[in-house]
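The lines below spell out each chain.
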Amino acid sequence: MTNQVDRFYAALTVLAGHGHIKQRLIKAYEDNLAEIQDDELPVTLKQSFADFRLQMQQVTPLNGESAVCASVRKMSLDEASACAASVVALYGESIRSQDTVQAKPPMAEIDETRVPPFLVKSV
């Protein structure tokens, strides 16, 4: 899962760079996010990422351009900005998913037979 967090972070650095928003969006997606497979993502990200991917590849390309280039070319600036915001949201969700996985203690460390001291009745 960390690999996806790294990919989303790399996409964010491209989006935060200089240049036109559409050019940055194409580069961020093609260089960092296009190769992510749905089965590599946590359940909480799968649908959002699938929706984002569909939006980035919904237009049939012309004259040798990629579907991503064609889709972004047809977007308004507001739509391109919304797609960039989706990348930010996906990155945030990937961080939260990673923290949730790391916050769960291993099952071997849970001692269900031990009574917490504050529940022990003193005599």
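Here the structure is a predicted model, which is why all the values come from computation and not from measurement. (Residues numbered from 1 in each chain as written. Predicted model: local features only at pLDDT ≥ 70, side-chain atom pairs only at ≥ 80, totals over all residues. Heavy atoms only, no water.)

Side note on the packing of aromatic side chains
Inference 1: Considering all chains together, one arrives at four aromatic pairs under this definition.
Inference 2: Seen in terms of ring centroids, Phe-8 and Phe-49 are 5.9 Å apart; in terms of plane orientation they differ by 85 degrees. Their pairing is edge-to-face. With Phe-8 in helix α1 (residues 2-15) and Phe-49 in helix α3 (residues 43-56), this pair connects stretches of sequence that are 41 residues apart.
Inference 3: For Phe-8, a relative accessible area of 0% corresponds to the buried category.
Inference 4: Since its relative accessible area comes to 0%, Phe-49 is described here as buried.
Inference 5: Each ring, one from Phe-49 and one from Phe-52, has its centre 6.2 Å from the other, and the planes form 45 degrees; the classification is tilted. One end of the pair, Phe-49, and the other, Phe-52, are both in helix α3, three residues apart, so they sit about a helical turn from each other.
Inference 6: Joined through ring pairs, the aromatic side chains of Phe-8, Tyr-29, Phe-49 and Phe-52 make up one cluster. (Phe/Tyr/Trp six-rings, centres within 6.5 Å; stacked < 30°, edge-to-face > 60°. Helix = DSSP H or I, 4+ residues; strand = E, 2+ residues; numbered from the N terminus. Buried < 20%, exposed > 50% of the residue type's maximum accessible area, 1.4 Å probe, protein only.)

Topic: the confidence of the model for the protein
Inference 1: Looking at the protein, pLDDT values average 86 and 80% of them are 70 or higher.
Inference 2: Within the protein, helix α2 (residues 21-33) carries the highest mean pLDDT (97), whereas helix α5 (residues 77-103) carries the lowest (87). (pLDDT = per-residue confidence, 0-100.)

What to know about the side chain of Arg-53
Inference 1: Relative to the elements of secondary structure, Arg-53 occurs in helix α3.
Inference 2: Taking relative accessible area as the criterion, Arg-53 reaches 17% and is therefore assigned buried.
Inference 3: Within polar-contact distance, the side chain of Arg-53 engages the side chain of Tyr-29 at 3.4 Å.
Inference 4: In terms of polar contacts, Arg-53 uses its side chain to reach the backbone carbonyl oxygen of Ile-36, at 2.3 Å.
Inference 5: Not counting residues up to four positions away in its chain, the partners in contact with Arg-53 are Tyr-29, Leu-33, Ala-34, Ile-36 and Asp-38. (Polar contact = N/O pair within 3.5 Å; in protein donor to acceptor, adjacent residues only side chain to side chain. Contact = heavy atoms within 4.5 Å.)

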